[in-house]
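Breakdown of the fold
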Amino acid sequence: MRSKKGIILVSCMTTIFLLAGIVAVTASDSIKLEVNGHMIQTDVPPQIINNRMMVPVRSISEVLGAKVNWNKEGNKVEVDMTDVDSPQEEDKSLQRQVELLRNWIAPVSANKAVETWAEAVKQRNGAVQYAMFAPDVQEQTREQLKRFNWVTGVSSPWVERYEINEQKVSDEDAVKYEVIFHMTTSTGSAGTAHASLTVSKGDGGWLITDLLNDGSSNIPGVNDKAGDGSTDSTTGEVLEHPQAVQMINDKIGWAWESEPLKVVKTIDGGQHWKEVPLTGLDDESTASISQPAFEFLDADHGWISWTNDKEMVIAYTADGGQHWSQTSIPGYNMAVDFTFLNDQEGWLLTVGDAAMMKSEKRVFRTIDGGETWELLSSNTDYLESDEATRNALSLTGTANGIIFSDAEHGWVSLDNPVSDELLFYQTVDGGKSWSPVELNVPEEVEGEEFITSFSVPQFFGSQKKEGIVIARFAYRDEQSTVAFRTTNGGESWDGELLPAEVNVENVSDMTFAARDRGWAIVDDGLYRTRDGLEWKKVSTNKTFNETLKINSVLKQIVFVDSMEGWILAASEDLEDEVLLKTEDGGETWKQAPIKG
């Protein structure tokens, strides 16, 4: 029930007043009136009279919920604020509503209380969440929930399901829980959000007396370490020197740096990044990692590999980086590249001892998510069985990467700096044996003694029938760039010499979002093709042009679709890095620092 607070009488017909929350904004030709952040229009404009700001009483009072009446007999303006609640009365009304809601829900146990709260998070119902909080937690979350208008979370990603794990019974009247929310988007899994909470029994029944979340916007609460060792980074740089960024889709992405090893993740398209705890990994070993290999499949599954004096270490996570396990392969192997078909089956390409432009190359496979690895192929005497090393990768050349389109068909790309042998290999038996790919090389480059470099192939579509690999042919002072395309899953590859605009030595990098949609960064700017044939220079904005002038070392360009792309560049001394993002196919770019 609202209480009457009386009537304010303003004497004199022309008197006006100022209230808290009212701002007069002076422009060159008029004075605008702003009430609680909203511009309002008035019949009589605000004026400055005798160095005082005068504003119409009716316009302001009515916006604030008061009633205004002109009392002609008394020659006065009456401002009636009877129906305007004070903040204190609003809080009393809110608390009464909460008590009624809580009494209706009436959790009879700690489990019932946390289940009710978790379901409310899933349904984005802030009122029910608030009703499950003890007074102290209500105090901490009230303003946050008001800002959300009592609708929590975001439209994407959303909570698909949740798990409730009872961690510890402190005593008969208090129970600790960890709740794991599995997030999803229209394109698939978006990882997990975590909350740690304590449910206690008091006079009002079972209520949540302590709530720590992991920084997820889906969970109102105390934004802290959530009991998992993660860092709440709401401001400032999360990564100082990012080595690479891997965007899974337009929402989910990972980035990292080394020495010491640091991994971060975004689930909102790079607006916010959160440091991923390396729980389960040895701090001493991760402090000195200099050349790790990374692969992230989705928001939950990732793999990292590095080499020390004794072995190659492989770390893996299946819960978005909250916890890590590790295994190792004895001997000297350095990871070059991972590729995974799903969260269980993947391959790892490594190199060993190298001399005279030759190096040991091995292919390993896992079918249990990275816990164990089987050596499939080796071009050395590393294996005892001669059968297993038959048709291995060439000793010549530098390994660039590996990719599989299904459980049987895979490719490995190599650079060949010493001869004209084309070092692009394929397997049709899951990686046990490898053979050179037969390529239809354009006539313009056939017959010359070139040295070559192959990119890692990209495949597109759910069936992965369409693909592209870029090869650079160098002969003396000449260089040619050829795009080899397949439409039959790699059974045949047809080469086409790229046009002069992107067929030059100063092409820094090239990427494709589809077989015929690509981008290339050249010394004079960004080029784009929309049909795979014609390349046109993109009219980029000032941010792009000025940023790449200062940060001229291109580390990475990637597009997740035909519109959204990312560029990671560094200064010539590699002391400063900058990340750029576009959402219109490359015309407009903005800096996207990796911040919390």
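Residues numbered from 1 in each chain as written. Predicted model: local features only at pLDDT ≥ 70, side-chain atom pairs only at ≥ 80, totals over all residues. Heavy atoms only, no water.

Brief notes about the overall build of the protein chain
Where we set the bar: Only DSSP runs of H or I reaching four residues or more are called helices, and only runs of E reaching two or more are called strands; each is numbered from the N terminus. The contact rule is simple, with two residues in contact once any of their heavy atoms fall within 4.5 Å.
Regarding its fold elements, the protein chain presents seven helices and 43 strands. Summarising the internal contacts of the protein chain: among those between residues at least 6 apart in sequence, 47% fall at separations of at least 24.

Regarding the nonpolar core
Operational definition: By nonpolar core we mean a set of buried residues, namely Ala, Val, Leu, Ile, Met, Phe, Trp, Tyr and Cys, connected to one another through side-chain atoms within 4.5 Å. Each residue is placed in one exposure class: buried if its accessible area under a 1.4 Å probe, protein chains only, is under 20% of its type's maximum, exposed if it is over 50%, and partly exposed if it falls in between.
Trp 117, Phe 181, Leu 197, Val 199, Ile 208, Val 263 and Trp 324 are the most contacted members of the largest nonpolar core, which has 47 residues in total. Sorting elements by how many residues they give to this core places helix α3 (residues 110-123) first, with seven residues.

Observations concerning the packing of aromatic side chains
Selection rule: Side-chain rings of Phe, Tyr and Trp (the six-membered ring for Trp) are treated as a pair once their centres are within 6.5 Å; stacked means planes under 30 degrees apart, edge-to-face means over 60, and tilted covers the remaining angles.
All chains considered together, the criterion is met by 23 aromatic pairs. For the pair Trp 411 and Trp 493, a centre-to-centre distance of 6.3 Å together with 80° between the ring planes defines the contact as edge-to-face. Of this pair, Trp 411 sits in strand β27 (residues 410-416) while Trp 493 sits in strand β35 (residues 493-497), placing them 82 residues apart in sequence. Each member of the pair, Trp 411 as well as Trp 493, is classed as buried. Relative to Trp 493, the ring of Phe 424 lies with its centre 5.7 Å away and its plane at 80°, an arrangement referred to as edge-to-face.

What to know about the confidence of the model for the protein chain
Let me state the cut-off plainly: A residue's pLDDT is simply how confident the predictor is in it, with values from 0 to 100.
On average, residues of the protein chain carry a pLDDT of 80, and 82% of them reach 70 or more. Looking at the elements of the protein chain, mean pLDDT is at its lowest for strand β1 (residues 7-11), recorded as 38, and at its highest for strand β28 (residues 424-427), recorded as 96. In the predicted structure, residues 222-235 sits below a pLDDT of 50 and forms 36 contacts with residues beyond four places in sequence or in another chain.

Things to note about the side chain of Glu 345
Our working rule: Asp and Glu are treated as the negative residues and Lys and Arg as the positive ones, with His and the ends of the chain left uncounted. Any Lys or Arg side-chain nitrogen located within 4 Å of an Asp or Glu carboxyl oxygen qualifies as a salt bridge.
Summarising the element assignment, Glu 345 is placed in the loop between β22 (334-340) and β23 (346-355). Look at Glu 345: it is buried, it has no salt bridge, and the nearest opposite charge is Arg 365 at 4.3 Å. Apart from residues lying up to four places away in sequence, Glu 345 is in contact with Phe 340, Arg 365, Thr 366, Ile 367 and Ala 407.

Quick look at the pattern of salt bridges
Here the structure, examined in full by the defined rule, presents ten salt bridges. Shared partners join several salt bridges into a network, and the residues in it are Glu 564, Lys 581 and Glu 583.

Examining unusual backbone geometry
Although it is not a glycine, Arg 124 adopts a positive phi angle of roughly 65°. Mapped onto the secondary structure, Arg 124 falls in the loop between α3 and α4 (126-131). The backbone of Leu 574 shows a phi angle near 60°, a positive value even though the residue is not glycine. Following the sequence through the fold, Leu 574 ends up in the loop between β41 (565-570) and β42 (577-582). You can call Leu 574 partly exposed: its relative accessible area is 49%.

What about the sheet that holds strand β20 (residues 311-317)?
Note the threshold: A pair of strands is labelled paired if DSSP reports no fewer than 2 bridges between them. The convention used is that axes are lines fitted to C-alpha atoms, helices contributing only their stretch in contact, and that angles between N-to-C directions extend from 0 to 180 degrees.
The four strands are arranged β18-β19-β20-β21 in an open sheet whose pairing can be described as antiparallel. Across the chains shown, the open sheet's two edge strands, defined by having one partner strand only, are β18 (293-296) and β21 (325-330). Between one strand axis and the next, the sheet turns through 15° on average, direction left out of account. Two strands pair when backbone bridges link them, and strand β19 (residues 302-307) and β20 are joined in this way by six bridges, in the antiparallel orientation. Across the sheet, Trp 303 pairs through a bridge with Tyr 316, a residue of β20.

Brief notes about the sheet that holds strand β36 (residues 507-514)
Pairing between the strands of a sheet comes from backbone hydrogen bonds, and it takes one of two forms, parallel or antiparallel. Taken in spatial order, the four strands line up as β36-β37-β38-β39 in an open sheet, and their pairing is antiparallel. Two strands in the sheet have a free side with no partner beyond their single neighbour: β36 and β39 (535-537). Taken pair by pair, the neighbouring strands of this sheet meet at an average axis angle of 20°, ignoring direction. In this structure, β36 lies alongside strand β37 (residues 517-522), joined through six bridges in antiparallel fashion.

So, helix α7 (residues 542-550)
For the record, the criterion: Directions drawn from the helix axis to the C-beta atoms are what define this arc.
Of all the positions in α7, only Phe 544, Thr 547 and Leu 548 are classed as buried. In a view along the axis of α7, the buried residues occupy a sector of 90°, so they form one face of it. Exposed residues on α7 whose side chains face more than 90 degrees from its buried face are Lys 542, Lys 549 and Ile 550. For α7, the elements touching its buried residues are β38 (525-529), β41, β42 and β43 (589-591).

Digging into the environment of Leu 239
Assignment of secondary structure puts Leu 239 in the loop between β13 (222-223) and β14 (244-247). Of the residues examined, Leu 239 reaches a relative accessible area of 2% and is grouped as buried. The spacing of Leu 239 and Glu 275 is 36 residues in sequence and 8.6 Å in space, taken between C-alpha atoms. Beyond its immediate stretch of four places on either side in the chain, Leu 239 contacts Ala 255, Trp 256, Glu 257, Lys 262, Val 264 and Ile 594.

Thoughts on the pairing of β28
Sheet analysis places β27 next to β28, joined by four bridges and oriented antiparallel. Each bridged residue has a counterpart across the sheet, and for Trp 411 the counterpart in β28 is Gln 426. Summarising the sheet, β28 and strand β29 (residues 435-436) pair through two bridges and their orientation is antiparallel. Paired with Tyr 425 across the strands is Pro 436, a residue of β29.

Here we look at a negative patch on the surface
Which entries qualify depends on this criterion: Patches in this entry comprise residues that are over 30% relatively accessible and not in a salt bridge; like charges within 9 Å are linked, as are nonpolar side chains (Val, Leu, Ile, Met, Phe, Trp, Tyr) within 5 Å. Shrake-Rupley sampling with a 1.4 Å probe provides the accessible areas, and residues are treated as covered by the protein chains on show and by no other component. By convention, the charge on Lys lies at NZ, on Arg at CZ, on Asp at CG and on Glu at CD.
On the surface, Glu 466, Glu 501, Asp 516, Asp 531 and Glu 534 cluster together into a negatively charged patch. Position of Asp 516 relative to the elements: it lies in the loop between β36 and β37. Taking relative accessible area as the criterion, Asp 516 reaches 32% and is therefore assigned partly exposed.

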